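Now for the letters of each chain:
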Amino acid sequence: MSAIVYVPKDASALSLGAETVALAIAKEAADRGIDLTLKRNGSRGMCWLEPLVEVVIAGERYAYGPVSASDVPGLFAAGFLHNGPHSLQLGRTDRIKYFSSQQRLTFVRVGVTEPTSLSDYISHGGYDGLRTALSLPPAEIVQVVTDSGLRGRGGAAFPTGIKWKTVLDARASQKYVTCNADEGDSGTFSDRMLMEGDPFVLIEGMTIAALAVGAAQGFIYLRIEYPHAYRTLVEAIRVAYEAGYLGADVLGSGRRFDLEVRLGAGAYICGEETSMLESLEGRRGEVRVRPPLPAIKGLFGQPTIVNNVISLASVPIILARGAAFYRNYGVGRSQGTLPIQLAGNIQRGGLVERAFGVSLRELLYDYGGGSASGRPLRAVQIGGPLGAYVPASQFDTIVDYESLTGIGALLGHGGIVAFDDTVDMARMARYAMEFCAIESCGKCTPCRIGSTRGVEVIDRILYGVDRAKNLQVLEDLCETMAEGSLCGLGGMTPFPVRSALRHFREDFTKPPVR
Ligand SMILES: Cc1cc2nc3c(=O)[nH]c(=O)nc-3n(C[C@H](O)[C@H](O)[C@H](O)COP(=O)(O)O)c2cc1C
Ligand code: SF4
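A brief report on the enclosed structure follows. (Residues numbered from 1 in each chain as written. Chains lettered and ligands numbered in written order. Predicted model: local features only at pLDDT ≥ 70, side-chain atom pairs only at ≥ 80, totals over all residues. Heavy atoms only, no water.)

### Let's talk about the overall build of the protein
Inference 1: In terms of regular secondary structure, the protein is built from 21 helices and 16 strands.
Inference 2: Over its C-alpha trace the protein gives a radius of gyration of 24 Å, about what one expects of a compact globule, namely 24 Å for 514 residues.
Inference 3: Sequence separation of 24 or more characterises 71% of the internal contacts of the protein that already satisfy a separation of 6 or more.
Inference 4: Counting only carbon and sulfur atoms, one obtains 53% of the accessible surface of the protein, whose full area is about 19500 Å². (Helix = DSSP H or I, 4+ residues; strand = E, 2+ residues; numbered from the N terminus. Rg over C-alpha atoms; globule rule 2.2 N^0.38 Å. Contact = heavy atoms within 4.5 Å. Areas by Shrake-Rupley, 256 points an atom, 1.4 Å probe, with all protein chains shown as cover.)

### What to know about helix H11 (residues 227–242)
Inference 1: Helix length check: H11 (16 residues) gives 23 Å between terminal C-alpha atoms against 22 Å at 1.5 Å per residue, within 8%.
Inference 2: All buried positions along H11 are accounted for by Ala-229, Thr-232, Leu-233, Ala-236, Ile-237, Val-239 and Ala-240. Along the axis of H11, the buried residues cluster in a sector spanning 160°; they form a single face. The exposed set on the far side of H11, more than 90 degrees from its buried face, consists of Arg-231 and Glu-242.
Inference 3: Elements in contact with the buried residues of H11: helix H5 (118–123), helix H9 (190–197), helix H10 (199–213), strand S7 (217–222) and strand S8 (258–263).
Inference 4: Backbone geometry just downstream of H11 places Gly-244 in the positive-phi region, at approximately 80°. (Expected span 1.5 Å × (residues − 1). Buried < 20%, exposed > 50% of the residue type's maximum accessible area, 1.4 Å probe, protein only. Arc of directions from axis to C-beta.)

### Some thoughts on the environment of Asp-424
Inference 1: Inspection of the secondary structure assignment puts Asp-424 in the loop between strand S16 (415–420) and helix H17 (425–439).
Inference 2: C-alpha separation for the pair Asp-424 and Asp-507, spaced 83 residues apart in sequence, amounts to 6.4 Å.
Inference 3: Not counting residues within four places of it along the chain, the set of residues in contact with Asp-424 comprises Asp-507 and Lys-510.
Inference 4: Here the side chain of Asp-424 touches Ala-426 through a polar contact of 3.0 Å, landing on its backbone nitrogen. (Polar contact = N/O pair within 3.5 Å; in protein donor to acceptor, adjacent residues only side chain to side chain.)

### Remarks on the site of ligand 1
Inference 1: Around ligand 1, the structure places 21 residues, and the nearest of them are Gly-154, Asn-180, Asn-307, Asn-308 and Ser-311.
Inference 2: Here an oxygen atom of ligand 1 sits 2.8 Å away from a polar atom, N or O, in the main chain of Asn-308.
Inference 3: In the complex, the protein chains occlude 91% of the 610 Å² of accessible area that ligand 1 would expose alone.
Inference 4: Taken together, the elements giving at least two residues each to the shell around ligand 1 come down to strand S9 (304–308) and helix H20 (488–492).
Inference 5: If you tally residues by element for the shell around ligand 1, the top one is S9, at three residues.
Inference 6: Per-class residue counts for the shell around ligand 1 are five nonpolar, 10 polar and six charged. (Near = heavy atom within 4 Å. Nonpolar A, V, L, I, M, F, W, Y, C, P; charged D, E, K, R; others polar.)

### Overview of the side chain of Ser-117
Inference 1: Relative to the assigned elements, Ser-117 resides in the loop between helix H4 (97–100) and H5.
Inference 2: At a separation of 3.2 Å, a polar atom in the side chain of Ser-117 contacts the side chain of Ser-119.

Here's what the structure looks like:
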């Protein structure tokens, strides 16, 4: 019988040498006359163990990692195909605590299946949700999603079912489903991991969305910096068309749904939904004034769903297992699970899917293992470059939308970036303003001018020029940007700045920079 070995082809694993590891394993097996089937999966999300090689023994998967090409001859010599002992041996993959303690619903197949194998997808529960959806009238599909409590995972946490109902109720001959795969937030990679590891779940989620609102065309707006995700999506879409899951007659239902991937041009603001629509229409990514909402007048002026990758990819399991199943995960008004991404100065960076309600401390220490530098963690930034800095004294906060709002923070897309005690928070505040100045679309004054003035004011504070006065100017500027900006870029830049001022004031009053 042929031995089966999995080597991930996720971008994170590839960047750490997974391709050379795969080639070395194939060569070593051939040299030794071993019949070996090499399968390429997505990542299990334990980034510090990549490339994570898995061997199938009696139907179970055993992990070794992080493996480099030079380890391969030694692994064969140690009998790793039969779970032989080796310093890189990790035991059964599903029993590694980081992995086994998660609650994987959206990511249930990521790292498990071969990403573009439709048969693998279906044999692991794929397309069960679409089959349920095809048996329901549109309004009932929308009701199931509403009842599940799913809120948008792109950042704004708006209830997905309510957005879909608005599109369903809008009268138009053409409607669209668009997926926001721009994933611009620092420290986030769940969209990428999902698209590279289980593209069919996104395609299925978008197809269900189309059935729910009466759309016949969908677009995935993908950031150009994700070439591996692009190739995987394009191949999965081709396979889905060929098997009748996309196209003129989805699964013989008489319903049409066509799907294309469009590449963005690499601007952070193109992740904001109205800029994304502008960019999809072939124009410069610039924010549109709302109202009208995209759900009423979106792509090419038609009613349009704009949802994040994870929101859409969470829909199939909701349809397959029911609203109550999904809603039973989580706390309060934050229902279901969230793929949390641990990044920055952290020992065990990676993806942790847990129900809302896990504490920051558990994520940072039980999963993350503390800082990579070994020094005490001083702060984390949650929710991307526009997210607040949360000090160590608040690490017992629960991760859910309301608890984070309660401490003046935001969950955003679930990215957590860790910093140790060497971080200078005044410089981080300056960086937030600088980021806004560079990425501003320029449409409104508080953001376009305010962010540039913000960098200058923080520089004056750092250089010790009229500190008390400039600290007040900075507070006033933050208020102007928060209240007067047209969109979240200018409107949320005050979050990191104000949180740095609130929790780390001492960094703004240190001896001046010379
Ligand atoms: C400056 C800015 C950047 C954004 N970037 C993204 C992004 O990269 N991906 C995303 O899904 N949403 C992003 N959003 C949020 C979108 O505007 C929108 O709320 C989201 O795509 C809706 O999908 P959801 O309801 O499924 O979360 C961004 C918002 C702002 C203000
Ligand atoms: S806040 Fe910034 S990015 Fe948003 S519309 Fe105004 S100028 Fe453009």
